[in-house]
Amino acid sequence: MSNKLFSYNILDTPIHRLSGLTKLIGFLLLTFAVMFSYDIRVILAITLFSFYVLKMAQIKYSQIRIMVIYVAVFILINMVLTYLFSPEEGVKIYGTRHELVRIFGRYTITLEQILYQVTKALKYVSVIPLGIIFLLTTNPSEFASSLNRVGVNYKAAYAVSLTLRYFPDIQREYIDISLAQQARGLDLSHKAKLVDRFKNALVIIIPLIFSTMDRIESISNAMDLRGFGKYKTRTWYNSKKLAKEDFIAILISFLIFLLSIFVSIFINKSRFYNPFI
Amino acid sequence: MKKYFEVSTKTIVATGLGAAIFMLLFMYVKVPSPVPNTSFQTAYGVAAFFATIYGPIAGGLIGFIGHALNDAIQYGSPWWSWVIASGVAGFIFGFAYKNTKVEEGEFKSKDIIKFNIIQIIGNAIAWLLVAPGLDILIYKEPTDLVFAQGLVAAISNAISAGVIGTFFLIAYASTRTKKGSIKKN
Amino acid sequence: MNKKPIIEFKDFTFQYYSQAEPTLHNINLKIYSGEKVLIIGPSGSGKSTLGHCLNGLIPFSYKGDIRGSLKINGMETRDLDIFKLSRFVGTVLQDSDGQFVGLTVGEDMAFTLENDRVPTEQMKERVKEVAKMVDMENFLTSSPYDLSGGQKQRTALGGVMVNDVDILLFDEPLANLDPATGKTAIEIIDRIHRDSNKTIIIIEHRLEDVLHRHVDRVILINDGRIVADMNPHEIIASSLLNDNGLREPLYTTALKYAGVNVTKEILPGHLYSLKTDDIKDQVKNWFKSIDKEEEIKEEKPLLKIENLDFSYDSRRKVLRNINITINEGEMLAIVGKNGAGKSTLSKILCGFEKHTKGRIFYKDEDLKDKTIKERAEIIGFVMQNPNQMISKNLIYDEVALGLRLRNMDEEEIKERVNKALKVCGLLPFIDWPISALSYGQKKRVTIASILVLDPKILILDEPTAGQDYRHYSEIMEFLKHLNSLGVTIIFITHDMHLMLEYTTRAIVLADGEIVADDRPSKILTDKKTIEAANLKETSLYNLAQMVGIEDETKFVQTFIDYERWLKSKDEQ
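Because the structure is a prediction, the values reported are computed rather than measured.

S.K.: How should I be thinking about the overall build of chain B in this particular structure?
M.R.: Helix and strand counts for chain B stand at six helices and two strands. Listing the helices and strands of chain B from first to last along the sequence gives α-β-β-α-α-α-α-α. Relative to the 2.2 N^0.38 estimate, which gives 16 Å for 185 residues, the radius of gyration of chain B is 17 Å and therefore close to what a compact globule would have. Considering only C-alpha atoms, chain B reaches an extent of 65 × 35 × 35 Å along its principal axes. Considering chain B as a whole, with its 185 residues, one finds that 61% of them fall into the buried category. In chain B, the share of contacts with a sequence separation of at least 24, taken over all contacts with a separation of at least 6, comes to 71%.

So, in structure tokens, the structure goes:
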């Protein structure tokens, strides 16, 4: 059982050297860029760029294998469902109809539907490397200060830090409680009746919640005693000063973001790229 | 209105730890439902409970942070549309805060109904409005699909929040003591 | 000492809103700058409440009525808020995990400075300085999961010292530490007191451990009132400790058994100050006069562990070549440092983990293929904190849970639950909500909920952690009673009193191996095993040395036997 939430590992790459703040800003700007745009060219470019950064950060496939599998499954299901629910969505969006194959009934395959679904899948894919880079190259200790510096209220930012701090403790407690209750005969499998399944889950969760509430009391006392919330702002032990590289990285991210907006407004005149008219 | 939005250190700590429990349950503790391959997320029961005890700010942040970190671990990046919906659900659950007698050690029929109306409204807004709306806005998902998914989520999360949240609040109420009532034996 | 008081209580009374009566009555107390004061009292005496009044948690977090006056540094505390107070008073709380809010040592120590908006660079300097004072300078980037309890506590201490407070308040600093680490903690506190001349207040009920080093005054609180305010020698020479449900140091108990008149003139306050010249012979004569034959008990093996290995991954073995035979009706302790493999061993016995090599037999049956649920009917496991097991509102339902999950019919359940409740002395409470019970009673509920499955062996993880002497005795006497009914009991513990007073055998684990398996009197007088298990020698051992008894182990054993004989005489 791992003790930390993210397998952050310290390497000396240009990406690791950037401050957490820079990476957070970059992540947010690029994520918004791909979320906003529906132009496959823009999305593809950003995707390629983010895979390049992924490589630069020396992240190995073994570190992210499970995530890749989850995402693949998710996208596959999403694609199938999208087609089943709305095989004409592409036609509706692009306003033309280039039919390739008719399967049966209303289910046909059109160029428009293919473009729509591929673009959508790519939109989902493109944010993954961005998130992974942020998570695996940022010291968790920098999360909270970075959030605060992009404008998140410091108390909310500190809540995130507390989640990272206490998740492993709570996880260990959960495992202990669950084992002790299983020894008493608890069965969480499908065999039990539905109502019993809920009841059985409660047998584990109730002790967990109550002991967590005791913990909340003692942690908040400790924080009050050490002056948490005394002023409207606070400083951070782990907040790196921005270096030249940071400004360059932020600038690049910002330019990509602007580019995505620019393409939509001035070239496509909509969020969609329409090659059919 | 002001009573809902006071933020003390306790609110923040409850948020941080609540989000940790939310994540943990989101990952490990699902109650299998009668429909194959689907399950009830017990995490929403906990979110509803914490929101009722610690208020809408805590509830909203628990849903948001818990769901975002869970996605980040599972997929590498948060799916913002549903993360935001979780936050909205948690926030609305928080309107049960100081609206029931749970802190005074009572959580009976009237309070149970009040709590459940609030949580059903929260789930409805989150999963029938916010999540589908953002899915359409960001990803241009087909309308029918997102509303069908939203409906499933709304129903199952409302059941989860209703059953688990209600049980927790009853259990919690029984541990509360009335003012000036404790005597040393 | 003619300085001005830094803390002054005057007719101070406090009542929590939720309580019907005040918790502190009419407190009058002066503490002077640079003093080191120990506040003791049984649980529920009001000593923690007093601490909360000093650091401002009362009335900031815990609301109530305050009458009278409390001045710190000449200022009335009711006019100060918790933030202003925290400039003078730094508190080290008993729960070092709760106090450790940062993700690393450095961050945690900087927490107060962050809230005070100190610039990052300056903060790093200050943290480095303080880390040196508490011996943590090499751990600044370590996360709490990689630290021992002692290191976490030192981090907490550093975290309050960054502020350069005048008063350091320690709230039960020994509660979560093993004996060796506790001893070090007391030494560090003492060093800081001497180096910085800060005012130090320690709230504890483990008197003997605190008196390992000098304290100026001991203040005894009970029922919300100050019962005594004297120096360590005076209080130990008095009968006040026993009268108020507190444990006196073991060496003084031994002196009393030997017929020594313990007066303040022999300086009994600390082991190191004790004058033994005039009492030597008395102790020696008593030791010689007691001659007890070895009692030979018939041994019937119940549980046999053979050549057991365990590892989570193939690289590092957590347990290596474990061989233990546990006999029917034993009460034994498994001891060792955190991470030595004690809890892993108990998890394997309960079937929570599967051992990689070796075999476990119950009587002649290999337990290999038994599920967790089936094993629970042979070996029951009671977690340290009863709140981690209780999920029902009513005692009856909680105890019945294990049987209901086994689909037994309600008639039989009723019978078995009643029996378990009777054994545990809970029958009068059968319809009570669990929330109305005390900690000790809750502990009994969890034991009853395991006993109801009728296990032959009970494993208890630190059954008396954090309990004062009265509650400790209550719980332990109950377990002894269970044992006399035929249940074999295994304790996982750091508690040396528990080992000495209630077990006949202790198994010491270090780095996954058994390094000793012997009588507690032997274990607690052997330097090597003591070190391996983070224990410390019992003060009986030191006493034996001081009076010139050569066979210290036999002296300790004599003490134990004598005490058991006294107790059994009392019971008859």
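S.K.: Looking at this structure, how should I read the overall build of chain A?
M.R.: Helix and strand counts for chain A come out as 10 helices and two strands. Shown N-terminal to C-terminal, the secondary structure of chain A runs as helices and strands in the order α-α-α-α-α-β-β-α-α-α-α-α. A compact globule built from 277 residues should have a C-alpha radius of gyration of about 19 Å, whereas chain A, at 24 Å, is more than 25% larger. Dimensions along the principal axes, computed over C-alpha positions, put chain A at roughly 65 × 60 × 35 Å. The buried share of chain A, taken over its 277 residues, is 45%.

S.K.: I'm lost on the sheet that holds strand S2 (residues 24–32) of chain C in this one. Help?
M.R.: Backbone hydrogen bonds hold the strands of a sheet together, and the pairing may be parallel or antiparallel. Residues and elements named next belong to chain C. Here we have four strands laid out as an open sheet, ordered S2-S1-S4-S5, and antiparallel in their pairing. Edge positions in the sheet fall to S2 and strand S5 (75–76), since each has one partner strand and no second. Sitting on the sheet, helix H1 (residues 47–55) is in contact with strand S1 (5–16), S2 and strand S4 (64–72), with an inclination near 120 degrees to S1.

S.K.: Please clarify how the pairing of strand S9 (residues 217–222) of chain C should be interpreted in this entry.
M.R.: Taken residue by residue, a regular strand's side chains alternate between the two faces of the sheet. Residues and elements named next belong to chain C. Of all six residues in S9, five are buried, a share of seventy percent or more. Two strands pair when backbone bridges link them, and S9 and strand S10 (residues 225–230) are joined in this way by five bridges, in the antiparallel orientation. When the sheet's bridge partners are listed, Val-218 is paired in S10 with Met-230. Count of turn residues in the S9/S10 antiparallel hairpin: two residues, of which Asp-223 carries a positive phi of about 50 degrees.

S.K.: What's the story with the pairing of strand S11 (residues 301–310) of chain C in this structure? I'm lost.
M.R.: Bridge analysis of S11 of chain C against strand S12 (residues 319–327) of chain C gives six bridges, and the strand direction is antiparallel. Bridging from a neighbouring strand, Leu-303 of chain C pairs with Ile-326 of chain C of S12 of chain C.

S.K.: Help me understand the interface of chain A and chain C, please; the structure alone is not making it clear to me.
M.R.: Contacts between chain A and chain C engage 46 residues on the former and 49 residues on the latter. Only helix H7 (140–149), helix H8 (154–183) and helix H9 (194–225) of chain A provide two or more residues apiece to the side of chain A that touches chain C. A per-element tally of the side of chain A that touches chain C places H9 of chain A first, with 15 residues. Residues belonging to the side of chain A that touches chain C are distributed by class as follows: 22 nonpolar, 13 polar and 11 charged.

S.K.: Explanation requested: the packing of H9 of chain A against helix H6 (residues 143–175) of chain B in the structure shown.
M.R.: Helix-helix packing is described using two parameters, namely the angle between the two axes and the distance between the axes. At their nearest, the axes of H9 of chain A and H6 of chain B sit 11 Å apart, and the two run at 50 degrees to each other. On the basis of their axis angle, the class for H9 of chain A and H6 of chain B is oblique. The chirality of how H9 of chain A crosses H6 of chain B is right-handed. Facing H9 of chain A, whose interface residues are Phe-198, Leu-202, Ile-206 and Ile-209 of chain A, H6 of chain B presents Val-163, Ile-164, Phe-167, Phe-168 and Ala-171 of chain B. Taken together, the residues of the contact of H9 of chain A with H6 of chain B sort by class into nine nonpolar, no polar and no charged.

S.K.: Can you help me understand the domain arrangement of chain A in this one?
M.R.: Many structure descriptions define interface size as the accessible area lost when the parts assemble. Domain parsing of chain A yields domain 1 (12–139 + 239–277) and domain 2 (153–237). Inter-centroid distance (C-alpha atoms) of domain 1 of chain A to domain 2 of chain A is 35 Å.

S.K.: Any chance you could explain helix H12 (residues 250–257) of chain C here in plain terms?
M.R.: Those residues of H12 of chain C lying buried are Leu-250, Tyr-251, Thr-252, Ala-254 and Leu-255 of chain C. One or two positions beyond H12 of chain C, positive phi appears at Gly-259 of chain C, with a value near 85 degrees.

S.K.: I would appreciate a short explanation of the packing of helix H1 (residues 9–28) of chain B against helix H3 (residues 56–75) of chain B in the present structure.
M.R.: All names here are of chain B. Following both chains from N to C, one finds H1 and H3 inclined at 40 degrees, their axes separated by 8 Å at the closest point. It follows from the interaxial angle that H1 and H3 lie oblique. Crossing angle aside, the handedness with which H1 passes H3 is right-handed. Listed contacts from H3 to Thr-11, Ala-14, Thr-15, Gly-18, Ala-19, Phe-22, Met-23, Phe-26 and Met-27 of H1 are Ile-57, Ala-58, Leu-61, Ile-62, Ile-65, Gly-66, Leu-69 and Asn-70.

S.K.: Help me out: how do you make sense of the sheet that holds strand S15 (residues 365–366) of chain C in this one?
M.R.: Residue and element names in this part refer to chain C. Judged by pairing direction, the sheet is antiparallel, and its four strands sit side by side in the order S12-S11-S14-S15 without closing on themselves. With partners counted over all chains shown, the strands left at the sheet margins are S12 and S15, one partner each. Of the strands in this sheet, S11, S12 and strand S14 (357–362) touch helix H14 (residues 342–350), which is tilted by about 65 degrees from S12.

S.K.: What is the right way to look at the environment of Ile-7 of chain C in this model?
M.R.: Residue and element names in this part refer to chain C. Tracing the chain through its elements places Ile-7 in strand S1. Separated by 66 residues in the primary sequence, Ile-7 and Asn-73 place their C-alpha atoms 6.5 Å from one another. With residues up to four places along the chain from it excluded, the contact list for Ile-7 reads Ile-31, Leu-54 and Ile-72.

S.K.: Can you walk me through the environment of Ser-156 of chain B in this structure?
M.R.: Residues and elements named next belong to chain B. When you line up the elements, Ser-156 lands in helix H6. A C-alpha to C-alpha distance of 16 Å links Ser-156 and Val-88, two positions 68 residues apart in sequence. Here Ser-156 is in contact with Ser-33, Thr-38 and Phe-40, once residues within four sequence places are set aside.

S.K.: I would appreciate a short explanation of the environment of Gly-18 of chain B in the present structure.
M.R.: Along the chain, the position of Gly-18 of chain B falls in helix H1. The residues touching Gly-18 of chain B, leaving out its near neighbours within four places in the chain, are Phe-50, Ala-58 and Ile-62 of chain B.

S.K.: Looking at this structure, how should I read the confidence of the model for chain B?
M.R.: All names here are of chain B. Per-residue confidence for chain B gives a mean pLDDT of 89, with 93% of residues at or over 70. Low pLDDT, under 50, characterises residues 179–185; the stretch is placed with 13 contacts to residues that sit more than four places away or in other chains. This prediction of the complex comes with two scores: 0.91 for pTM and 0.91 for ipTM.

S.K.: How should I be thinking about helix H3 (residues 40–56) of chain A in this particular structure?
M.R.: Within an α-helix, residues lying three or four positions from one another point in the same direction, as the helix has 3.6 residues per turn. Residues and elements named next belong to chain A. The first and last C-alpha atoms of H3 sit 24 Å apart over 17 residues, in line with the 24 Å expected at 1.5 Å per residue. Where the residues of H3 are buried, they touch helix H1 (14–17), helix H2 (20–36), helix H6 (111–137) and helix H10 (244–268). With its phi angle positive at about 55 degrees, Gln-58 sits one or two positions after the end of H3.

S.K.: Would you mind showing me how to read unusual backbone geometry here?
M.R.: A negative phi holds for most residues other than glycine; trans holds for most peptide bonds. Residues and elements named next belong to chain C. At the junction of Ile-58 and Pro-59, the peptide bond is cis and its omega measures out at 5 degrees in the coordinates. Mapped onto the fold, Pro-59 is located in helix H2 (residues 57–60). We note that Asp-223 has phi near 50 degrees; this positive angle belongs to a residue other than glycine. With respect to the helices, strands and loops of the structure, Asp-223 is situated in the loop between S9 and S10.

What counts and how
Residues numbered from 1 in each chain as written. Chains lettered and ligands numbered in written order. Predicted model: local features only at pLDDT ≥ 70, side-chain atom pairs only at ≥ 80, totals over all residues. Helix = DSSP H or I, 4+ residues; strand = E, 2+ residues; numbered from the N terminus. Rg over C-alpha atoms; globule rule 2.2 N^0.38 Å. Buried ≥ 20, exposed ≤ 12 C-beta atoms within 10 Å, placed from the backbone. Contact = placed C-beta atoms within 7 Å. Pairing = 2+ DSSP bridges. Axes fitted to C-alpha atoms, helices over the stretch in contact; angles between N-to-C directions. Nonpolar A, V, L, I, M, F, W, Y, C, P; charged D, E, K, R; others polar. Parallel < 35°, antiparallel > 145°, perpendicular 65-115°, else oblique. Left-handed = near helix turned anticlockwise from the far one by under 90°. Domains from an automatic or database assignment. pLDDT = per-residue confidence, 0-100. Expected span 1.5 Å × (residues − 1).

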